Amino acid sequence: MAPAIFQQRTRKRPIDESSKFPSQRRSKRHCNGSSNVPGTTPGTAPGTAPETAPETAPAIAPAVFQQHSSKRSSNGSRNVPAMIPETTSAIASSNTPANAPSMAPETAPVTRQQLSSERYSVCLCHPKDLANIPNQDVEVDYGSCARNCVFCNHVFKKAKYLRKHADGRCNNSRGVKIRARKERESKVGHTFYLREELPSSTIEPSLSLENGIVDNDPPPVQLIWTPLNPCGSKIDWMRTLVVPFRYTVEELPSKLSWLDGRELEKIKKELGNQFVVNTKGNEQPDVHQGVVTMQILKDISNCKVDIRAWHKFWKAFVEQDETKVMNSMFRDANGLALNTVILLHWTEEESWVEDEMCQFYMRLERLRAYHGASIRCIPSYTEALQARGKIQDIRALNEDAIKRKQYRPKTCYPGGVCCLPTEEKTVHKRQDSCGGAHVLVKTKGQRGALTCSFNPTMPMKCMANGPLWFHQEFVDTIERFGEFRAFIVTEPDPKGLRGRKGKIVCIAHTTWRTKDGAEMHVELVDDRTFKNINCEHLTRKGLEDFFLRRFEYLRRRHDWKERWATLEIGVRMDAAISPVIGEEGFWLVEATRLYFADFFSDFIHGEPKYRLCEEIAHSIARYLSIQKR
């Protein structure tokens, strides 16, 4: 179902009080609650002329939608007025008696684009009242029955609480102004309209749709998971990525429905021992976290799930002729395009150079544009580029901290004037880095590969096309207390943003045992964690609330679909203890997408070790609507 898009007005509406057509003014209902619009006969839908209308009729006027308070009829039943478009033609208006009272308020004529073909339920207390939503420039009038915010779906006991919420407290209605007005036939209504000075061109609301999710993409019939250029180590050496099994290969078929020895041998042949080891009969297998997640997804979904080695997939997808690619991978036996999702996985952030990345996404776009392929990739190009570059992620977290007046370390971005010239110690970070790699603590005067300049009159350093270095204010709480890493997935919630809300699966506490960062200690956060590090004023509940608030903030951003879309499945959020006393207690270090994140399954879970993989697999299935019924 297509989402309803609220967009900024490009100009003010012209005022034309001399207009003789009622269709150029907003409709009002009769005080008895009936849906007859002046100029129409009973049983005739608004916007259609009576049967006696001549063949030639003036153009239909654009539409405006209103929802007024419901009235009770004499028998006590409720006549529910629906949100209806005013499309009364000039012929219909000519049939209206000349002395009939005008039912339209004195407002300016309204221009609207073509109506969408979808119909939406807007009022929660009247779910059967549907309305067409225009593609642009929506203005919705609420009567006294209005209780739910169309921008975030929160429900309120009174309409006045809704007005206060949407007028400044709703994160989704930023730039939307609420106007209360008195009407003769109804109680106070609330009109939502967009401010003209908004820098953003679109606002996408969270309407209460039938499935609770605003999404145009059909469920895929095939899903391809491919890990990009894996590292050289065997998976049993990669302790933060491995999922060990206590069952032997011979015992697997009787214990698990989604894994057996034959499947392990097949995956090992395809991907190598960087993903699967110990596949003999009496051995206990060690399997990569991504492989485990895909095997569970294959078992719980009605979608074909393929695991492909990256070098084979690259050769088949990029190096072959486009027509051969379509016929061999993305069309069925009848020549019809297969709805396909490609899931990319980074074992290391450096595993994909930018030129290859551009080639891959260019081929994807060409197949869609020139061959009609129905393919989408997770992550999208813009999100993958932002996650690798890190700068825009940091800016987003800084914006949130500034808005809440909370602490975050100062960041000096590449290529500008240095904003940390007096700091005795700073943390140097590189784009396209992974984990602790390319994160260095340097003292004042150690510039390394930084491209910022101390003197604004001096020319900036020439920046190469490759990954850039930047530096941040040093925060000693990471070194003293470690980091807290929360694994968050989404679950259905009719009141949540886009029909979902975040759920914390588990939180890992990580510390470095050696100063050079060579050995990491990982444990599950529990009620004793903060007591053990002498931070009794902090609690696990407070940490969970902090993570969920920051998670919802990122999901509500105006650029969520282009740069944060994978958060609809889940994310790993990393936080540290704030050095400023009296604040929330934590600051958000980064939001690590799941296709970048180590799961620490062997450290934070008891048996079975695959519990986090299972949660993520179910979240993917819900997001793509491929779960078995």
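Residues numbered from 1 in each chain as written. Predicted model: local features only at pLDDT ≥ 70, side-chain atom pairs only at ≥ 80, totals over all residues. Heavy atoms only, no water.

For the rest of this paragraph, the subject is the sheet that holds strand S20 (residues 439-443). Strand pairing in a sheet relies on backbone hydrogen bonds, with the paired strands running either antiparallel or parallel. Spatial strand order, S18-S21-S19-S20: four strands in an open sheet with antiparallel pairing. Unpaired on one side and paired on the other, strand S18 (411-412) and S20 mark the two borders of the sheet. As defined by bridge partners, S18 adjoins strand S21 (residues 469-473) across two bridges and the pair is classed as antiparallel. Opposite threonine 411, over in S21, you have glutamine 472 as the bridge partner. (Pairing = 2+ DSSP bridges. Helix = DSSP H or I, 4+ residues; strand = E, 2+ residues; numbered from the N terminus.)

Tracing the sequence through the fold places aspartate 559 in the loop between helix H13 (540-555) and helix H14 (560-563). Look at aspartate 559 and you get buried, because its relative accessible area is 11%. One polar contact links aspartate 559 to arginine 557, side chain to side chain, over a distance of 3.0 Å. (Buried < 20%, exposed > 50% of the residue type's maximum accessible area, 1.4 Å probe, protein only. Polar contact = N/O pair within 3.5 Å; in protein donor to acceptor, adjacent residues only side chain to side chain.)

For the rest of this paragraph, the subject is the packing of helix H5 (residues 289-300) against helix H16 (residues 611-624). Interhelical geometry of H5 versus H16 gives an angle of 50 degrees and a closest axis separation of 8 Å. Comparing the axis directions of H5 and H16 gives the class oblique. You can see that H5 and H16 cross each other, and the crossing is right-handed. Along the contact surface, H5 presents Gln289, Val292, Thr293, Met294, Ile296, Leu297 and Ile300, while H16 presents Cys613, Glu614, Ile616, Ala617, His618, Ile620 and Ala621. (Axes fitted to C-alpha atoms, helices over the stretch in contact; angles between N-to-C directions. Parallel < 35°, antiparallel > 145°, perpendicular 65-115°, else oblique. Left-handed = near helix turned anticlockwise from the far one by under 90°. Contact = heavy atoms within 4.5 Å.)

What follows is about the packing of aromatic side chains. As enumerated under the stated definition, the model contains 24 aromatic pairs in all. Ring-pair connections join several aromatic residues into one group, and the members of that group are Trp310, Phe313, Trp314, Phe317, Phe330, Phe360, Tyr361 and Tyr381. Its end group placed over the ring of tyrosine 370, arginine 366 keeps NZ or CZ at 4.4 Å from the ring centre. Directly above the ring of tryptophan 564 sits arginine 593, whose terminal nitrogen or CZ lies 4.3 Å from the centroid. (Phe/Tyr/Trp six-rings, centres within 6.5 Å; stacked < 30°, edge-to-face > 60°. Lys NZ or Arg CZ within 6 Å of the ring centre and 35° of its normal.)

With that out of the way, let us pick up the state of the cysteines. Applying the stated criterion across every chain, the model contains zero disulfides. Cysteine 412 supplies the cysteine sulfur nearest to cysteine 419, a cysteine that is in no disulfide, at a spacing of 4.3 Å. Residue class for cysteine 419 comes out partly exposed when judged on its relative accessible area of 34%. Of all cysteine sulfurs in the structure, the one in cysteine 412 sits closest to cysteine 452, which takes part in no disulfide; the separation is 3.7 Å. In this structure cysteine 452 comes out as buried when scored by relative accessible area, which is 5%. (Disulfide = S-S within 2.5 Å.)

All right, on to the nonpolar core then. In this structure, Leu223, Trp225, Phe245, Val292, Met294 and Leu297 are the most contacted members of the largest nonpolar core, which totals 50 residues. At the level of secondary structure, the elements contributing two or more residues to this core comprise strand S11 (222-228), helix H4 (261-271), H5, strand S15 (304-307), strand S16 (340-346), strand S22 (483-492), strand S23 (500-512) and H16. For this core, the element with the most residues is H16, which contributes eight residues. Among residues more than four places away in sequence, those in contact with tryptophan 225 are Leu271, Phe275, Gly290, Val291, Met294, Asp306, Ile307, Arg308, Leu343 and His345. (Core = buried A, V, L, I, M, F, W, Y, C linked by side-chain atoms within 4.5 Å.)

Taken in spatial order, the five strands of this open sheet run S24-S23-S22-S25-S26, and their pairing is antiparallel. Strands with a single pairing partner mark the edges of an open sheet, and in this sheet they are strand S24 (520-524) and strand S26 (586-592). Taken pair by pair, the neighbouring strands of this sheet meet at an average axis angle of 30 degrees, ignoring direction. Where S23 meets S24, five bridges bridge the pair, whose relative direction is antiparallel. In the strand pairing of S24, threonine 510 is matched with valine 522.

Structurally, the position occupied by arginine 408 is in the loop between helix H10 (391-404) and S18. Here arginine 408 sits buried without a salt bridge, and the closest side chain of opposite charge, aspartate 400, lies 8.2 Å off (N-O distance). Among the polar contacts listed, one links the side chain of arginine 408 to the backbone oxygen of leucine 588, at a separation of 2.2 Å. Those residues within four positions of arginine 408 in sequence are excluded, and the remaining contacts are Ile394, Leu397, Asn398, Ala401, Gln472, Trp587, Leu588 and Val589. (Lys, Arg positive; Asp, Glu negative; His and termini not counted. Salt bridge = Lys/Arg side-chain N within 4 Å of Asp/Glu carboxyl O.)

This paragraph deals with unusual backbone geometry. For the peptide bond that leads from isoleucine 378 to proline 379, omega is 5 degrees, which places it in the cis range. Inspection of the secondary structure assignment puts proline 379 in the loop between strand S17 (375-378) and helix H9 (381-389). Omega for the peptide link from glutamate 607 to proline 608 comes to -5 degrees, which places this bond in the cis form. In this structure, proline 608 sits in the loop between helix H15 (601-604) and H16.

With that settled, the discussion passes to the pattern of salt bridges. Tallying each qualifying case throughout the model produces 28 salt bridges. Look at the salt bridges and you will find they share partners, linking Arg498, Arg500, Glu552, Arg555 and Glu568 into a network.

Let's shift gears to the pairing of S21. Of all five residues in S21, four are buried; the element is thus mostly enclosed. Pairing analysis gives five bridges linking strand S19 (residues 425-430) to S21, with the strands arranged antiparallel. From the neighbouring strand, lysine 429 faces S21, where its bridge partner is phenylalanine 470.

A word on the confidence of the model for the chain. Per-residue pLDDT for the chain has a mean of 74; in total, 62% of the residues score no lower than 70. Across residues 128-144 the pLDDT falls below 50, and counting only partners more than four positions away or on other chains, this stretch makes 87 contacts in the model. (pLDDT = per-residue confidence, 0-100.)

Looking at helix H7 (residues 322-329), one finds that the buried residues are Glu322, Val325, Met326 and Met329. Here the buried residues of H7 occupy an arc of 100 degrees about the axis, which is enough to place them on one side. For H7, the exposed residues lying more than 90 degrees away from the buried face are Lys324 and Ser328. Those residues of H7 that are buried are in contact with S11, helix H6 (310-319) and helix H8 (354-371). One side-chain oxygen at the N-terminal end of H7 lies 3.0 Å from the backbone nitrogen of threonine 323; it belongs to aspartate 321. (Arc of directions from axis to C-beta.)

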